[in-house]
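Okay, here's what each chain looks like letter by letter:
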Amino acid sequence: MLAPFIIGIAAGLRSMTPPAAVALRRHRRLAGPALAIAALGELVADKHPSAPDRTDTGAATGRIVSGALAGAFLRSGPVSIVGGIAGAAGAVVGTQVGYRLRTALTRRFGTDWPVALAEDALAIALVALAERRQR
């Protein structure tokens, strides 16, 4: 259950990237491209100063649901309840650790932009790792 947990961590960092990756692999016709566009929009919107705090109740809940769905559907074949639970747990960890790390690094460097880009790269790398481990 490590792969669903890892993809959940990625959901804690960027909520749309994990479900987009899973949907692109499993549902290439409509859901995959639609979620990929949403993920790209999130990558852009996250850099805006008015972006909501990921630890706010609504944002955190969305990340947990995203992690649960990505974890549950990560494997080809039937939906995995255990994968969904692991994905949700990973999203809690990713949300909290990501928030604390980004806040600390932003204070240290005095700017958010490079930290946010590094977080984007980490989320994408975690999704790729989870996908690779699942094969």
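Residues numbered from 1 in each chain as written. Predicted model: local features only at pLDDT ≥ 70, side-chain atom pairs only at ≥ 80, totals over all residues. Heavy atoms only, no water.

In terms of helices and strands, the protein carries six helices and zero strands. Over its C-alpha atoms the protein spans a radius of gyration of 14 Å, differing by no more than 12% from the 14 Å that the globule rule assigns to 135 residues. Classification of the 135 residues of the protein by burial places 39% in the buried group. When the accessible surface of the protein is totalled, it reaches about 7,300 Å², and 70% of it is carbon and sulfur. Both charge centroids of the protein, one from 16 positive and one from 8 negative side chains, sit 10 Å from each other. (Helix = DSSP H or I, 4+ residues; strand = E, 2+ residues; numbered from the N terminus. Rg over C-alpha atoms; globule rule 2.2 N^0.38 Å. Buried < 20%, exposed > 50% of the residue type's maximum accessible area, 1.4 Å probe, protein only. Areas by Shrake-Rupley, 256 points an atom, 1.4 Å probe, with all protein chains shown as cover. Lys, Arg positive; Asp, Glu negative; His and termini not counted. Charge placed at Lys NZ, Arg CZ, Asp CG, Glu CD.)

This brings us to the nonpolar core. Counting twelve residues, the largest nonpolar core consists of A3, I6, I7, A10, L13, V22, A70, L74, A123, L126, V127 and A130. Elements supplying a minimum of two residues to this core: α1 (2-13) and α6 (113-134). Sort the elements by how many residues they give to this core and α1 lands first, with five residues. Each residue touching L13, except ones within four places of it in the same chain, is listed here: R54, R63, G94, G98, E119, L122, A123 and L126. (Core = buried A, V, L, I, M, F, W, Y, C linked by side-chain atoms within 4.5 Å. Contact = heavy atoms within 4.5 Å.)

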